[in-house]
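# Coordinates in review
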Amino acid sequence: MLVCLRLSYFRRALFLKNNNSLHSVAIKVSGLAQGENPVSLEFDASLLDYPAFTGKVHLRGTLKRDGDRLDLLASVSAEGDFECTRCADAFHERITAPVSLHIVPPLFEPSDGDPDVHVYDPLSTNEVDILPDIRDALILAIPMTHLCMPDCEGICPMCGKNLNREQHDCHAESEPSGAWSALNRLQERLRAEENKEN
C-alpha cells in the first residue's frame, strides 16, 4: 500500500511539473478599484487536464488592489471521481482548496521565484492567467490517503474481500504475516526445544 501511495504522489508531482496546458482561465487586472474587488469564476473541469475532476470548477474570493499590487485570496472547488486508497472502490467527492496569489509589477518581483507571485505590466496587461495555480491547488488538495469514507475497512489481506461489503470470516487476525509470522515461528521453535529438554 505504501508503494502505491508513493507512486500516486510521484505521478501527481510529475504531472504538476510537466503539464503545459494550452488552456487558460484569466482574471481581469485592469480598471480595478482600489480595495477589495469580488472575484467569481466558473469553468469546465476539462480545462484542468486532470482526468479525475469532472463537471464545473468554481472559484470565489476577492482581488484586493493596493496601488499596482494585487492580492487574490479565494477558494476553489471541483468534484471528481477517485479511487479509495484502502479498498480500491471508486467514489465521488468535492475537493476544495485555498488559492492565494500576489500579482505585482516588475518593481516588486521577488528574487526567489515564488510560484505564488505573478508579475504583470500595469500599463499594458488586462488579464492574468491563473489556471495553473488553480490546477496545482486542487491536485495538491487531494489527500495522500484518500478514503471513500472515514471508517473504510479496506481489503482483507488473506482473502481479498472488501470488508465494507462482505463478511470477514477467514480469521486473518490469527495468522499474522511478514515479520510477525517469522517471530511466531521462532517462538514456537523455542517452546518446542524447551519442552524436549524438560
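Located above this text is the structure these notes cover.
Residues numbered from 1 in each chain as written. Predicted model: local features only at pLDDT ≥ 70, side-chain atom pairs only at ≥ 80, totals over all residues. Heavy atoms only, no water.

## With respect to the overall build of the chain
Rule in force here: In this text, helices come from DSSP runs of H or I with a minimum length of four residues, and strands from runs of E with a minimum of two, each type numbered from the N-terminal end. Accessible area is worked out with a 1.4 Å probe on protein chains only. A residue is then buried under 20% of its type maximum, exposed over 50%, and partly exposed in between. We call two residues contacting when some pair of their heavy atoms lies within 4.5 Å. Accessible surface is estimated by sampling points in the Shrake-Rupley manner with a 1.4 Å probe; for residues, cover comes only from the protein chains shown.
Counting secondary structure elements, the chain contains 3 helices and 7 strands. Across the 198 residues that make up the chain, the buried fraction comes to 31%. A sequence separation of at least 24 residues applies to 57% of the contacts in the chain between residues at least 6 apart. Put simply, the chain shows about 12,800 Å² of open surface, and 52% of that area lies on carbon and sulfur atoms.

## Digging into the nonpolar core
For clarity, the threshold we go by: What we call a nonpolar core is a set of buried Ala, Val, Leu, Ile, Met, Phe, Trp, Tyr and Cys residues that are connected through their side-chain atoms within 4.5 Å.
Ranked by size, the top nonpolar core spans 40 residues in total, and within it F53 and I134 carry the most contacts. At the level of elements, β2 (35–44), β3 (53–66), β4 (69–83), β5 (90–104) and α2 (131–141) are the ones that each hand at least two residues to this core. With residues near it in sequence (within four places) discarded, F53 still touches A45, L48, A78, E79, G80, F82, I95, L138, I139 and I142.

## As for the pairing of β3
Spelled out, the test is: At least two bridges found by DSSP between two strands are what make those strands a pair.
Relative to β3, β2 is paired through 10 bridges, and the arrangement is antiparallel. Looking at β3, one finds that E36 is bridged to K64. Counted between consecutive antiparallel strands, the loop separating β3 from β4 contains 2 residues, among which G67 sits at a positive phi close to 70°.

## Describing the side chain of T125
With respect to the helices and strands, the residue T125 is situated in the loop between β6 (117–119) and β7 (127–129). Accessibility expressed as a relative area gives 19% for T125, which makes it buried. Those residues in contact with T125 that sit more than four places away from it in its chain are V29, S30 and Y120.

## Details of the layout of surface pockets
Using the following cut-off: In this analysis, the protein atoms alone were mapped onto a 1 Å grid. Cavities are point sets where a 1.4 Å probe fits without being able to get out; pockets are open sets with protein on both sides within 12 Å along at least five of seven lines; lining residues have an atom within 4 Å of a point. Grid points are joined across faces, edges and corners, and a volume is the space filled by probe spheres set on the points.
When its volume is computed, the second largest pocket comes out at roughly 190 Å³. Contributing to the lining of the second largest pocket are P98, V99, S100, L101, P115, D116, D133, D136, A137 and L140.

## Observations concerning the pairing of β4
The sheet contact formed by β3 and β4 spans 12 bridges and is antiparallel. Among the inter-strand pairings, F53 is bridged to a residue of β4, identified as G80. Judged from the 14 bridges that link them, β4 and β5 form a sheet pairing that is antiparallel. Across the sheet, residue S77 finds its bridge partner in β5, namely T96. From the end of β4 to the start of β5, which pair antiparallel, there are 6 residues, and A88 there has a positive phi angle of about 70°.

## Thoughts on the environment of D129
Rules: Polar contacts here mean pairs of N or O atoms no more than 3.5 Å apart (in protein, one a potential hydrogen donor and the other a potential acceptor; neighbouring residues in sequence count only if both atoms are side-chain atoms).
With respect to the secondary-structure elements, D129 resides in strand β7. Taking the C-alpha atoms as reference points, D129 and V25, separated by 104 residues in sequence, lie 5.3 Å from one another. Excluding anything up to four places from it in sequence, D129 contacts H23, S24, V25, A26 and H118. From its side chain, D129 meets the backbone nitrogen of V25 in a polar contact 2.9 Å long. A polar side-chain atom of D129 sits 3.1 Å from the main-chain amide nitrogen of L131.

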